[in-house]
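Here is how the chains run, residue by residue.
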Amino acid sequence: MHDSAGLLPPPGSDIAVIGACGGIGSDIVQKLVAAGCKVVAVDLERSLNEAPSAAAHSIAFDGRDEKSIHQMTQQLRQVMPRLDGLVIACGFAGQRMPITEWSVQAIDEVITGNLRLTTLCLRALVPLLRHGGPASVVLITSDMAFIPQPGYAPYVAAKAGLIAMGQSVAREVAPSVRINFVSPGAVDTPFLRGGRGRTVDPDAPLRFDMAQYLKQVPLARLAVAEDVTGPVLFLLGSGASYMTGNVLHVSGGAYMG
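Summarised in this report is the structure supplied together with it. (Residues numbered from 1 in each chain as written. Predicted model: local features only at pLDDT ≥ 70, side-chain atom pairs only at ≥ 80, totals over all residues. Heavy atoms only, no water.)

Each helix and strand counted, the protein has seven helices and seven strands in total. In terms of overall dimensions, the protein has a C-alpha envelope of 50 × 40 × 35 Å along the principal axes. In the protein, which comprises 257 residues, the share counted as buried stands at 48%. Here the contacts in the protein between residues at least 6 apart in sequence split such that 69% fall between residues at least 24 apart. The positive charge centre, built from 20 side chains, and the negative charge centre, built from 21, are 5 Å apart in the protein. (Helix = DSSP H or I, 4+ residues; strand = E, 2+ residues; numbered from the N terminus. Buried < 20%, exposed > 50% of the residue type's maximum accessible area, 1.4 Å probe, protein only. Contact = heavy atoms within 4.5 Å. Lys, Arg positive; Asp, Glu negative; His and termini not counted. Charge placed at Lys NZ, Arg CZ, Asp CG, Glu CD.)

As a further point, take the sheet that holds strand 5 (residues 135–140). In a beta sheet, neighbouring strands are held together by backbone hydrogen bonds and run either parallel or antiparallel to one another. The sheet built from seven strands is open, its strands ordered 3-2-1-4-5-6-7 with parallel pairing. The open sheet terminates on both sides in strands that have one partner only, identified here as strand 3 (57–60) and strand 7 (247–250). In this sheet, adjacent strand axes meet at a mean angle of 15° when their direction is disregarded. As defined by bridge partners, strand 6 (residues 177–184) adjoins strand 7 across four bridges and the pair is classed as parallel. Bridge pairing in strand 7 links Val182 to Leu248. In the packing of helix 5 (residues 153–173) onto the sheet, contacts are made with strand 5, strand 6 and strand 7, and the angle to strand 6 comes to roughly 160°. (Pairing = 2+ DSSP bridges. Axes fitted to C-alpha atoms, helices over the stretch in contact; angles between N-to-C directions.)

Summed over all chains, the structure comprises one aromatic pair. Both rings, one in Phe146 and one in Tyr255, keep their centres 5.1 Å apart while their planes meet at 45°; by these two values the pair is tilted. Highlighted residues: Phe146 in the loop between strand 5 and helix 5 and Tyr255 in the segment after strand 7, separated in sequence by 109 residues. Judged by its relative accessible area of 24%, Tyr255 is partly exposed. (Phe/Tyr/Trp six-rings, centres within 6.5 Å; stacked < 30°, edge-to-face > 60°.)

Attention now moves to helix 4 (residues 104–129). The end-to-end C-alpha distance of helix 4, which contains 26 residues, comes to 35 Å, matching closely the 38 Å that a straight helix rising 1.5 Å per residue would cover. At Thr112, helix 4 is deflected by roughly 45°, the largest bend along its length. (Expected span 1.5 Å × (residues − 1). Bend = angle between axes of the 7 residues up to and from the residue.)

This part is about the environment of Ala55. Looking at the element boundaries, Ala55 is found in the loop between helix 2 (45–50) and strand 3. Filtering out sequence-adjacent residues up to four positions away, Ala55 remains in contact with Val29, Val33, Val39, Val40 and Ala41.

Counting residues in hydrophobic clusters, the biggest one holds 36 residues, and the most contacted among them are Ile18, Met72, Leu76, Leu86 and Ile179. The leading source of residues in this core is helix 4, at nine residues. Counting 27 residues, the second-largest nonpolar core is a separate cluster that includes Leu233, Leu235, Ala240 and Val250. (Core = buried A, V, L, I, M, F, W, Y, C linked by side-chain atoms within 4.5 Å.)

Here the focus is unusual backbone geometry. Put simply, Ala174 and Pro175 share a cis peptide bond, and its omega is 5°. Note on placement: Pro175 falls in the loop between helix 5 and strand 6. Even without being glycine, Ala220 reaches a positive phi, approximately 60°. Mapping Ala220 onto the fold places it in the loop between helix 6 (210–215) and helix 7 (225–236).

As a further point, take the pattern of salt bridges. Enumeration according to the criterion identifies seven salt bridges in this entry. The salt bridge partner of Glu226 is Lys31, with a shortest N-O separation of 3.2 Å. Here Glu226, found in helix 7, pairs with Lys31, found in helix 1 (residues 23–34); they are 195 residues apart in sequence, far enough to count as distant. For Lys31, a relative accessible area of 27% corresponds to the partly exposed category. Of the charged contacts, one joins Arg64 and Asp62 as a salt bridge, the two residues approaching to 2.8 Å between their closest N and O atoms. (Salt bridge = Lys/Arg side-chain N within 4 Å of Asp/Glu carboxyl O.)

This part is about the state of the cysteines. Two cysteines whose sulfur atoms are joined by a covalent bond form what is called a disulfide. A complete count under the given rule lists zero disulfides for this structure. Between Cys37, a free cysteine, and Cys21, which holds the nearest cysteine sulfur, the sulfur-to-sulfur gap is 18 Å. When its relative accessible area of 8% is taken as the criterion, Cys37 is described as buried. Of all cysteine sulfurs in the structure, the one in Cys121 sits closest to Cys90, which takes part in no disulfide; the separation is 6.4 Å. Owing to a relative accessible area of 15%, Cys90 belongs among the buried residues under this scheme. (Disulfide = S-S within 2.5 Å.)

Let us now look at the environment of Tyr255. As for Tyr255 and Pro184, which are separated by 71 residues in sequence, their C-alpha atoms are 9.6 Å apart. Leaving out residues up to four positions away in the same chain, Tyr255 has contacts with Asp143, Phe146, Ile147 and His249.

Everything listed is a geometric property; what it means functionally is a separate question.
Structure below.
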């Protein structure tokens, strides 16, 4: 698949996708492979077993564990000594609860599984990205960071913090590495019921009232994974070569900031 307009990363690009087995992550991997990129899929071992990736290589890790992140980095370095691209699409929101009902443990789990994980992964992988050539990082955040919903305070804080952290790092690693963000609204993936890799009842109710949500979406439909993948691929490609620290909102117009 050739893309002269720079809307895709060049064929042969070495790209790691962390959170590669989620609804969004797996679609990103499939599209990158179809574009001729060399992809390493990184996710929980359970997720890799439940949803094998289309990537040529897979690495199991637990992003909550600093030692596991180090081991993943060493394995990745053996397969790809340098990275042209990195996508981090991990995270979970936890149960919807009033702030007074959130336990310290539950708050720590959400912060760890979103903000801390992404920060530690960036810390570990920046050396593979800083090789003198153009490299691009795309972090998946959430429009809940911009339209906070009641009951998800720790998740909202984690995703907002992820953007601030990533923008800080973007200033550090420029001009050789660009860091941008894709910020979806609700997307029709397993995440809406808890997320792949976690104990999730497939018949569990959605996190929100679908009819009420769609009233706030000018495009009047729920997003699918492919709606998010397109902007991710664009940010990885040369068409976004003058962008860093930017947030692309993919929420059907629900957020227009």
